[in-house]
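Each chain, letter by letter, is given below.
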Amino acid sequence: MHKHSLKQLSALLQSKQVSATELAQHYLARIQSSTLNAFNHVDPAFTLQQAASADQRIAKGDAGILTGIPIAHKDIFVTRHLRSTAGSRMLENYISPFDATVVEHFNAAGMVTLGKLNCDEFAMGSSNENSYFGAVKNPWDTSAIPGGSSGGSAAAIAARLTPAATATDTGGSIRQPAAFCGVTGIKPTYGSVSRYGMIAFASSLDQGGPIAQTAEDCGLLLNAMIGFDPKDSTCVERATEDYNRDLSKNLTGLRIGVPREFFSEGLAKDVEQAVRAALAEYEKLGATLVDISLPKTELSIPVYYVIAPAEASSNLSRFDGVRYGHRAADYKDLTEMYKKTRAEGFGDEVKRRILVGSYVLSHGYYDAYYLQAQKIRRLIAQDFQAAFQQCDVIMGPVAPTVAWDLGDKSDNPVANYLADIFTLSTSLAGLPGMSIPCGFGQGEKNSKRPVGLQLIGNYFTEAKLLNIAHQYQLATDWHLKSPE
Ligand code: GLN
């Protein structure tokens, strides 16, 4: 049953061949026996209660396409019934008084929450090793990282512990773990998905999105996920669309921009081969490849690692031991309470970002670092607009290598940052980006590790990206492969 897509599960539910309760039990049992550490918490009683109401809706004929389908949420989305930790000791026992807008949308659609998914602390990381609750293992090879920060979401989809998952992407955290775990994920245009109740990392970059097995499934989830929310001041007010409306369009005449800078020295041979093979498949589907340049690709790393920590240092000031979560046990005055609380509550990477962020925003350094980064950010966005004069979509690798081994880069933050090179610029420009499985590499260990193809579209072209991804998935079967 767990091999089915959302569409297939929905058909089984509507025709009453399976009940929402049976489906929930099936996945709960799989989660129970999994050793990947993909989930931070589950509450079977709550899940089964939601499943029972979904069954009632189906019985009354009042069900939508997602009613009764299980979903799990990255532990960055706050939920009233399950703890919301952001992978941090700071929020270890935090229960939110409200549900994130995204969670509300999925609840309203009748989806059944299986639990909360592990992630890097406050979504800072590329390997999920920065979680206070421990690393997640890659289901394809348990000695490898699953990617991050949405490592739990991607690993859970790959291991078929849930058919649908939410995730967030600030600089690649949907696309990179999706690539490393061989599943499909999409980060929509900045401002599409409400950030209300999504624990903030870098507000001008953070964007929620789905991870699932197929592009079609991602489209079904986006249909429920995207919508104007007056509670998020950067949420864009647009007419509702069906993101799957163009799935069946053929790709004849599609111009695919292939950025030179994405196929540079640092790209591993095994990844390059899989990505080039995918591009060749697109040519068979009627597309033409156009050589393009995104000249500031390399600068996206310093720019992102100035802007994201700057925003993080501001966003994380709210965790002061007074309002949320952890508070140190003994202290002599207020200042010591703050210091001890934050020293105990945050992990190393979070502290590093708060330090860097405070530094680049401080008097005397603001112009040299933060302001300069903002200017280059604008130039990066302009490079994309120039590229979209020549092509309809941009394609390349998601990451320079396949997933690395657990522990390999855990004490080398810069090595982690460098591995984000192909995902950061899309985020800085606020563009939609997607990752779809396109083959396997060997890595250094000669094991089988998935490779992702990145698709980058212009603003609000999610339906087109899903169409382009779906046509590839009709012609290939990488997305159907599972580690079992
Ligand atoms: N790896 C990047 C970082 O560490 C991106 C993380 C994300 O997208 N949340 O900040």
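## Examining the overall build of the chain
Thinking step 1. Within the chain, the secondary structure is distributed over 15 helices and eleven strands.
Thinking step 2. Relative to its length of 484 residues, the chain is compact, with a C-alpha radius of gyration of 21 Å against a globular reference of 23 Å.
Thinking step 3. Considered along the principal axes of its C-alpha atoms, the chain spans approximately 65 × 55 × 45 Å.
Thinking step 4. Residues classed as buried in the chain amount to 62% of the 484 residues present.
Thinking step 5. Within the chain, contacts between residues separated by at least 24 positions form 77% of all contacts whose residues are at least 6 apart in sequence.
Thinking step 6. With the model as given, the accessible surface of the chain reaches about 17,900 Å², and the carbon-plus-sulfur share is 51%.

## Let's talk about helix α10 (residues 334-345)
Thinking step 1. With twelve residues, α10 should reach 16 Å at 1.5 Å per residue; the first-to-last C-alpha distance of 16 Å fits that figure.
Thinking step 2. Every buried residue belonging to α10 is among M337, T341, R342 and G345, and all of these are buried. Viewed end-on, α10 has its buried residues packed into an arc of 115 degrees, placing them on one side of the element.
Thinking step 3. Close packing links the buried residues of α10 with α11 (348-361).

## Focus: the site of the ligand
Thinking step 1. Within the structure, the ligand sits among 15 residues, and A123, G171, S173, Y304 and R353 are positioned closest to it.
Thinking step 2. The side chain of Y304 places a nitrogen or oxygen atom 2.7 Å from an oxygen atom of the ligand.
Thinking step 3. Expressed as a share of its isolated accessible area of 290 Å², the protein-covered part of the ligand is 99%.
Thinking step 4. Its residues assigned to classes, the shell around the ligand shows five nonpolar, seven polar and three charged.

## Points about unusual backbone geometry
Thinking step 1. Of note, the bond from G148 into S149 is cis; its omega dihedral lies within 30 degrees of zero at 5 degrees.
Thinking step 2. Take S149: it is sitting in the loop between β3 (112-117) and α5 (151-158).
Thinking step 3. One non-glycine residue, F122, adopts positive backbone phi at about 50 degrees.
Thinking step 4. Within the fold, F122 resides in the loop between β3 and α5.

## Quick notes on the packing of aromatic side chains
Thinking step 1. All chains considered together, the criterion is met by 18 aromatic pairs.
Thinking step 2. A ring pair is formed by Y132 and F133, whose centres lie 5.3 Å apart and whose planes are at 75 degrees; its orientation type is edge-to-face.
Thinking step 3. You can call Y132 partly exposed: its relative accessible area is 41%.
Thinking step 4. Each member of the aromatic cluster is reached from another via a ring pair, and the members are Y94, F122, F319, Y324 and F346.
Thinking step 5. Of note, R238 hangs over the ring of F460, and the distance from its end group to the ring centre comes to 4.0 Å.
Thinking step 6. Above the ring of F440, the side-chain terminus of K448 is found at 4.6 Å from the ring centroid.

## Describing the packing of helix α4 (residues 101-108) against helix α7 (residues 215-225)
Thinking step 1. Taken N-terminus to C-terminus, the directions of α4 and α7 make an angle of 110 degrees; their axes are 8 Å apart at the nearest point. In terms of orientation, α4 and α7 fall into the roughly perpendicular class. Touching V102, H105 and F106 of α4 are L221, A224 and M225, all from α7.
Thinking step 2. Residues of the contact of α4 with α7, tallied by class, amount to five nonpolar, one polar and no charged.

## Observations regarding the pairing of strand β8 (residues 288-292)
Thinking step 1. Pairing of strand β7 (residues 255-259) with β8 involves five bridges; the strand directions are parallel. What sits directly across from I256, in β8, is L289.
Thinking step 2. A crossover links β7 with its parallel partner β8, the connecting element being helix α8 (residues 269-284), and its sense is right-handed.

## Regarding the nonpolar core
Thinking step 1. Ranked by internal contacts, the top residues of the largest apolar core, which has 141 residues, are F122, Y282 and L455.
Thinking step 2. Examining the composition of this core, we find that nine residues originate from one element, helix α9 (residues 300-315), more than from any other.
Thinking step 3. Apart from residues lying up to four places away in sequence, F122 is in contact with I76, A86, S88, L91, I199, F201, L316, F319, F346 and V350.
Thinking step 4. The next biggest cluster of nonpolar side chains, apart from the first, holds nine residues, and it includes I145, A179, V398 and A403.

## Section: the pattern of salt bridges
Thinking step 1. All chains considered together, the criterion is met by 24 salt bridges.
Thinking step 2. The shortest N-O distance in the salt bridge between K7 and E216 comes to 3.4 Å. Placement of the pair is K7 in helix α1 (residues 6-14) and E216 in helix α7, with a sequence separation of 209 residues.
Thinking step 3. Among the residues examined, K7 registers a relative accessible area of 44% and is labelled partly exposed.
Thinking step 4. We note a salt bridge from E272 to K269, for which the minimum N-O separation is 3.9 Å. On the criterion of helical spacing, the pair formed by E272 and K269 is a turn pair, its members being three residues apart in helix α8.
Thinking step 5. Put simply, R238, E241, R245, D246 and K249 are held in one network by salt bridges that share partners.

## Observations concerning the environment of H26
Thinking step 1. Within the secondary structure layout, H26 lies in helix α2 (residues 20-33).
Thinking step 2. H26 sits in the partly exposed class, given a relative accessible area of 23%.
Thinking step 3. Expressed as a C-alpha distance, the spacing of H26 and M1, which sit 25 residues apart in the sequence, is 8.3 Å.

Conventions we followed
Residues numbered from 1 in each chain as written. Predicted model: local features only at pLDDT ≥ 70, side-chain atom pairs only at ≥ 80, totals over all residues. Heavy atoms only, no water. Helix = DSSP H or I, 4+ residues; strand = E, 2+ residues; numbered from the N terminus. Rg over C-alpha atoms; globule rule 2.2 N^0.38 Å. Buried < 20%, exposed > 50% of the residue type's maximum accessible area, 1.4 Å probe, protein only. Contact = heavy atoms within 4.5 Å. Areas by Shrake-Rupley, 256 points an atom, 1.4 Å probe, with all protein chains shown as cover. Expected span 1.5 Å × (residues − 1). Arc of directions from axis to C-beta. Near = heavy atom within 4 Å. Polar contact = N/O pair within 3.5 Å; in protein donor to acceptor, adjacent residues only side chain to side chain. Nonpolar A, V, L, I, M, F, W, Y, C, P; charged D, E, K, R; others polar. Phe/Tyr/Trp six-rings, centres within 6.5 Å; stacked < 30°, edge-to-face > 60°. Lys NZ or Arg CZ within 6 Å of the ring centre and 35° of its normal. Axes fitted to C-alpha atoms, helices over the stretch in contact; angles between N-to-C directions. Parallel < 35°, antiparallel > 145°, perpendicular 65-115°, else oblique. Pairing = 2+ DSSP bridges. Right-handed = clockwise from strand over helix to strand, strands pointing away. Core = buried A, V, L, I, M, F, W, Y, C linked by side-chain atoms within 4.5 Å. Salt bridge = Lys/Arg side-chain N within 4 Å of Asp/Glu carboxyl O.

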